[in-house]
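Tertiary structure, described
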Amino acid sequence: MSPATNPTVVWSSLSAYLEELRESGIEGFPTDASFDALKSMASVPPPSTSESITAPVTPSVAGEVSHETLENVRKSLGECKRCKLSTTRKNLVFGVGNPKARLVFVGEGPGADEDEKGEPFVGDAGRMLNRIITAMGIRREDVYICNVVKCRPPGNRNPEADEIGACAPFLLRQLKSVKPEAIVALGKFAAQTLLETKEPISKLRGRFRNFHGIPLMPTYHPSYLLRSGGNSDAFWDVWEDMTQVLQLLKLPVPEKIRKA
Ligand code: URA
């Protein structure tokens, strides 16, 4: 029997290889070729409506000891060419903020400004997101901000399944590395993708869901607020959602009085 087919030899070299990967912070094998990768991200069923937002959740990302740094994740992305968005992007938009943030915001994907600068939420939607963060009494640099896909879909079209599938393992690794206490999914696309549902954002928002053991609050996208106005119902719905997030994080809720 050759060493290549000897089960003992194969097993010991596989064990050594796995140990090497573990030491470099890799704890699993994402299948980056398909939408299945994303499915596994949303594998924990959302809590039922009767469940309280602070109900204990199945420890997964939240309960794990994370060894992987964001630098590691960024390094393994490299000059990513895993999907067709790499052919049209100017810059890969990885994520920004506190690597140990208690709160992560996940958007859809970079727009033109983000593609230009290589940073998420730096255009008009970004300014609206900054307003929301400031209104919450926190600072942009204290949270972590990223997107479902890291490269701009041309013409700001929705990201496609293969593009999401290629990015999904890296988003999951980012979230595992930051290990926030709460995630806010900004807009229909981020919420539906992370929760693997087709429910409309108007139905999803306002209640915590479970994303791998982390409470996830879906809310409207800042771009939607830009279109609907600063004193619109949508704006106050977002404020209601962020109030729940602050309460979950046991942070003070600044008083906001709606204009008549
Ligand atoms: N919209 C998003 O969803 N993400 C960004 O980074 C910018 C705009």
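Below is a short write-up of the structure. (Residues numbered from 1 in each chain as written. Predicted model: local features only at pLDDT ≥ 70, side-chain atom pairs only at ≥ 80, totals over all residues. Heavy atoms only, no water.)

As a general point, the strands of a sheet are linked pairwise by backbone hydrogen bonds and lie either parallel or antiparallel. Taken together, the six strands give an open sheet; going across it, the order is β1-β3-β2-β4-β6-β5, and neighbouring strands pair in mixed fashion. The outermost strands of the open sheet, each flanked by one partner alone, are β1 (96-97) and β5 (209-211). Against the sheet, helix α7 (residues 187-195) engages β2 (103-107), β4 (182-186), β5 and β6 (214-219), with an angle of about 125° to β4. (Pairing = 2+ DSSP bridges. Helix = DSSP H or I, 4+ residues; strand = E, 2+ residues; numbered from the N terminus. Contact = heavy atoms within 4.5 Å. Axes fitted to C-alpha atoms, helices over the stretch in contact; angles between N-to-C directions.)

Quick look at the packing of aromatic side chains now. Taken as a whole, this structure holds two aromatic pairs when the rule is applied. Ring geometry for Tyr220 and Tyr224: centres 5.0 Å apart, planes at 45°, overall tilted. According to the relative accessible area criterion, Tyr224 is partly exposed, its value standing at 36%. When the ring of Phe235 is compared with that of Trp236, the centres are 5.8 Å apart and the planes differ by 75°; the resulting orientation is edge-to-face. Neither Phe235 nor Trp236 differs from the other in exposure class; each is buried. The ring of Trp239 carries Lys256 above its face, with NZ or CZ at 5.3 Å from the centroid. (Phe/Tyr/Trp six-rings, centres within 6.5 Å; stacked < 30°, edge-to-face > 60°. Buried < 20%, exposed > 50% of the residue type's maximum accessible area, 1.4 Å probe, protein only. Lys NZ or Arg CZ within 6 Å of the ring centre and 35° of its normal.)

Right, let's get into the environment of Glu119. Relative to the elements of secondary structure, Glu119 occurs in the loop between α4 (112-117) and α5 (124-135). Put simply, Glu119 and Cys146 are 27 residues apart on the chain and 8.6 Å apart in space, counted from C-alpha to C-alpha. Setting aside residues up to four positions removed in sequence, Glu119 forms contacts with Val93, Val96, Glu114 and Arg140.

Here we come to the site of the ligand. Taken together, the residues surrounding the ligand are Gly107, Glu108, Gly109, Glu114, Pro120, Phe121, Asn147 and His221. Backbone polar atom of Glu108 to an oxygen atom of the ligand: 2.7 Å apart, as the coordinates give it. A distance of 2.8 Å separates a nitrogen atom of the ligand from a polar atom in the side chain of Asn147. Protein chains bury 92% of the 230 Å² of accessible surface belonging to the ligand in isolation. Residues belonging to the shell around the ligand are distributed by class as follows: two nonpolar, four polar and two charged. (Near = heavy atom within 4 Å. Polar contact = N/O pair within 3.5 Å; in protein donor to acceptor, adjacent residues only side chain to side chain. Areas by Shrake-Rupley, 256 points an atom, 1.4 Å probe, with all protein chains shown as cover. Nonpolar A, V, L, I, M, F, W, Y, C, P; charged D, E, K, R; others polar.)

The next subject is the pairing of β2. Among the five residues in β2, five count as buried, and that is most of the element. Covered by surrounding structure in β2 are Leu103, Phe105 and Gly107 together with Val104 and Val106, the residues of both alternating faces. Looking at chain direction, β2 and strand β3 (residues 144-147) are connected through four bridges and run parallel. Across the sheet, Phe105 pairs through a bridge with Ile145, a residue of β3.

Among the five residues of β4, five are classified as buried, and the element is accordingly described as predominantly covered. Neither face of β4 is open: one carries Ala182, Val184 and Leu186, the other Ile183 and Ala185, and all of them are buried. Where β2 and β4 come together, four bridges link them in parallel fashion. The residue of β4 that forms the bridge with Phe105 is Val184. Where β4 lies against β6, four bridges are found, and the strand directions are parallel.

Right, let's get into the pattern of salt bridges. Applying the stated criterion across every chain, the model contains 16 salt bridges. The salt bridge partner of Asp237 is Arg205, with a shortest N-O separation of 3.8 Å. Note that Asp237 is positioned in helix α10 (residues 233-248) and Arg205 in the loop between α8 (201-204) and β5, a separation of 32 residues in sequence. Linked by salt bridges that have partners in common, Lys84, Arg157, Glu160, Asp162 and Glu163 make up one network. (Salt bridge = Lys/Arg side-chain N within 4 Å of Asp/Glu carboxyl O.)

Attention now moves to unusual backbone geometry. A positive phi angle is found at Phe121, which is not glycine, with a value near 50°. The residue Phe121 is located in the loop between α4 and α5 in this model. Its relative accessible area of 6% is what places Phe121 among the buried residues. If you check the backbone angles, Lys250 has positive phi at about 60° while not being a glycine. Structurally, Lys250 is set in the segment after α10.

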